[in-house]
Amino acid sequence: MADKLHRRAFAFVIIAVFMRGKHNTASALGVAIVGAGVVGGGVLRLLRRNAAAIRAHCGRAVTVAAIAVRRPAAAKKRLAREHSELVTGDWREALAHPRADVVVELMGGTGAAADCMRAALKAGKPVVTANKAALAECDILSANGKAPPVFYEAAVAGCVPVVKVLRESLAGDTVAEVFGIINGTCNYILSQMHRERVSFSEALARAQKNGYAEADAGLDIDGADAAHKLALIARLAFGAQPSAKAIAAKGVRDLDAMDIRCAEQLGFVVKLLARAQMRGGELALSVRPELIAREKMLAAVDGAMNAVIIRSENAGETMLYGAGAGAGPTATAVVADIMDIARGCPPPPPPPAKPPKLQKQEKARSEHYLRLRARDKTGVLAAITGLLAKNKISIEAIHQNEPGDGARPTADIVILTHEAARGQVAKCAADIKKLPDVCGDVVMMPVARGGK
Ligand code: HSE
């Protein structure tokens, strides 16, 4: 009996040693890193620092085969010695390296970065990228059926796992709406305007000083960055393939500190929200500043943080919160995608053959905030409310701030409407602006209702 047990134990040890050997000797996954700036540098650091844990997790090592940068001499000084030896000035060389199984594109932009991703896919190499602009504007994902996979968690909201949750956790559910704060720079600017009572330009200067804004700040403050991310969300959640231009984003550049104060007086905060919502069989996509009630969870998302709410039929509301940018969070998401490839996880699915119809921007329905300045004289309010009635817009509330004094006193008037189509409200706002006693523009923002 003892002999039998010994023989069994011996056999078990042999099998265990064999399995362990097999596990550890699975061939390493080689990556070519294209772009070693803030994010690329972060990826290299993480791959080096956590090499053992990554290997244990994936059952195989992840090794860096080549690193392509624009200025090799400078990069060689900056990078760790084991990496500086791998540097080249030519991304084609890195991509063609025989040990580069995967190409990690972290150059950014829509020129060479898109060429690099296309070349990698053509060469049969999977791609990992954080480049939302190239994915949303260039034709990279459309071939993603038979072509090697493209992984892009880092492109959507940095380390907030929006792609993974849509792709995996909610894969069996039907998503009705995805909305949230997906541009940290704008959220920082708005938080500063609310909390520190500074103007837009002062808040932008602070965002730039803290390194939040993109090199081209226009991408952030005019809403293009959020539109790029929303295009990727719409693809994952609804199988849509919108061009970023179809989203017609509006950013925070024109926000007046006066509207921040007025929103606060009414119990709201202003947030730049990206929203993809199925309504009446059409997909409504928007990026614009919206008013949210102060007690909502999104209203509490402060500074450069991101938060996304996914509303789905069975799961209800799922809220994801975290850092949407920066070397650490973005590099973490990139490394997780590389590890998914190392473990053979399935990539994001290609969109269905028949994408949903996109709703026209002017048809999008919501409650609205309107703010205008008018001469404080008899009949002005009647003329304004008359135009709202004429345009079939129902008023929920009207507030008039203390009139200014002087020879020609003015009053700031804020109107909250019941639900109406954006086009209808925009037309009414244009009519109000033409009234002889109305001074300047009529500010218009949607009011977000519903949601936690
Ligand atoms: N500039 C972006 C932001 C991060 O502020 O959220 C990268 O998309």
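Since this is a predicted model, take the numbers as computed values, not measurements.

Colleague: Honestly, the side chain of aspartate 437 in this entry has me stumped. Any pointers?
Modeller: Looking at the element boundaries, aspartate 437 is found in the loop between α18 (422-433) and β17 (438-448). In contact with aspartate 437, other than residues within four places in its own chain, are Arg373, Ala374, Arg375, Lys377 and Val380.

Colleague: Help me out: how do you make sense of the site of the ligand in this one?
Modeller: Taken together, the neighbourhood of the ligand is formed by Lys132, Asn183, Gly184, Thr185, Glu214, Asp220, Asp225, Lys229 and Ala325. Between the ligand and lysine 132, the relevant distance is 2.7 Å, taken from an oxygen atom to a side-chain nitrogen or oxygen of the residue. Contact between the ligand and glycine 184: an oxygen atom at 2.7 Å from a main-chain N or O atom of the residue. When the ligand sits alone it has 260 Å² of accessible area, and the protein chains cover 92% of it.

Colleague: Before we go on, may I ask you to explain the sheet that holds strand β1 (residues 29-34) in this structure?
Modeller: Whether parallel or antiparallel, the strands of a sheet pair through hydrogen bonds between backbone atoms. Taken together, six strands build an open sheet; the order of strands is β3-β2-β1-β4-β5-β6 and the sheet is parallel. Looking at which strands have only one partner, the edges of the open sheet turn out to be β3 (87-88) and β6 (150-151). Examined bridge by bridge, strand β4 (residues 102-105) and strand β5 (residues 127-129) share three bridges and lie parallel to one another. Looking across to β5, one finds that glutamate 105 is bridged to threonine 129.

Colleague: Help me understand the packing of aromatic side chains, please; the structure alone is not making it clear to me.
Modeller: Scanning the model with the defined rule gives one aromatic pair in all. Against the face of phenylalanine 179 rests arginine 275, its NZ or CZ located 4.8 Å from the ring centre.

Colleague: Sorry, what's going on with the packing of helix α2 (residues 38-49) against helix α16 (residues 327-342) here?
Modeller: When two helices pack together, their arrangement is given by the angle between the helix axes and the distance between those axes. At a closest axis distance of 8 Å, the pairing of α2 and α16 adopts a crossing angle of 60°. Classified by the angle between their axes, α2 and α16 sit oblique to one another. When the axes of α2 and α16 are compared, the crossing they make is right-handed. Across the interface between the two elements, Val38, Val39, Gly42, Val43, Leu46 and Leu47 of α2 pack against Ala327, Thr330, Ala331, Thr332, Val334, Val335 and Ile338 of α16. Residues belonging to the contact of α2 with α16 are distributed by class as follows: ten nonpolar, three polar and no charged.

Colleague: What is the right way to look at the pairing of strand β13 (residues 365-375) in this model?
Modeller: The two faces of a sheet get side chains in turn, since along a regular strand they alternate between them. Of all the eleven residues making up β13, eight are buried; the element is thus mostly covered by neighbouring parts of the structure. As paired strands, β13 and β17 are joined by seven bridges and run antiparallel to one another. Bridging across to β17, glutamate 367 finds its partner in valine 447. In terms of strand pairing, β13 meets strand β15 (residues 410-417) through seven bridges, oriented antiparallel. In the strand pairing of β15, leucine 370 is matched with isoleucine 415.

The rules behind these values
- Residues numbered from 1 in each chain as written.
- Predicted model: local features only at pLDDT ≥ 70, side-chain atom pairs only at ≥ 80, totals over all residues.
- Heavy atoms only, no water.
- Helix = DSSP H or I, 4+ residues; strand = E, 2+ residues; numbered from the N terminus.
- Contact = heavy atoms within 4.5 Å.
- Near = heavy atom within 4 Å.
- Polar contact = N/O pair within 3.5 Å; in protein donor to acceptor, adjacent residues only side chain to side chain.
- Areas by Shrake-Rupley, 256 points an atom, 1.4 Å probe, with all protein chains shown as cover.
- Pairing = 2+ DSSP bridges.
- Phe/Tyr/Trp six-rings, centres within 6.5 Å; stacked < 30°, edge-to-face > 60°.
- Lys NZ or Arg CZ within 6 Å of the ring centre and 35° of its normal.
- Axes fitted to C-alpha atoms, helices over the stretch in contact; angles between N-to-C directions.
- Parallel < 35°, antiparallel > 145°, perpendicular 65-115°, else oblique.
- Left-handed = near helix turned anticlockwise from the far one by under 90°.
- Nonpolar A, V, L, I, M, F, W, Y, C, P; charged D, E, K, R; others polar.
- Buried < 20%, exposed > 50% of the residue type's maximum accessible area, 1.4 Å probe, protein only.

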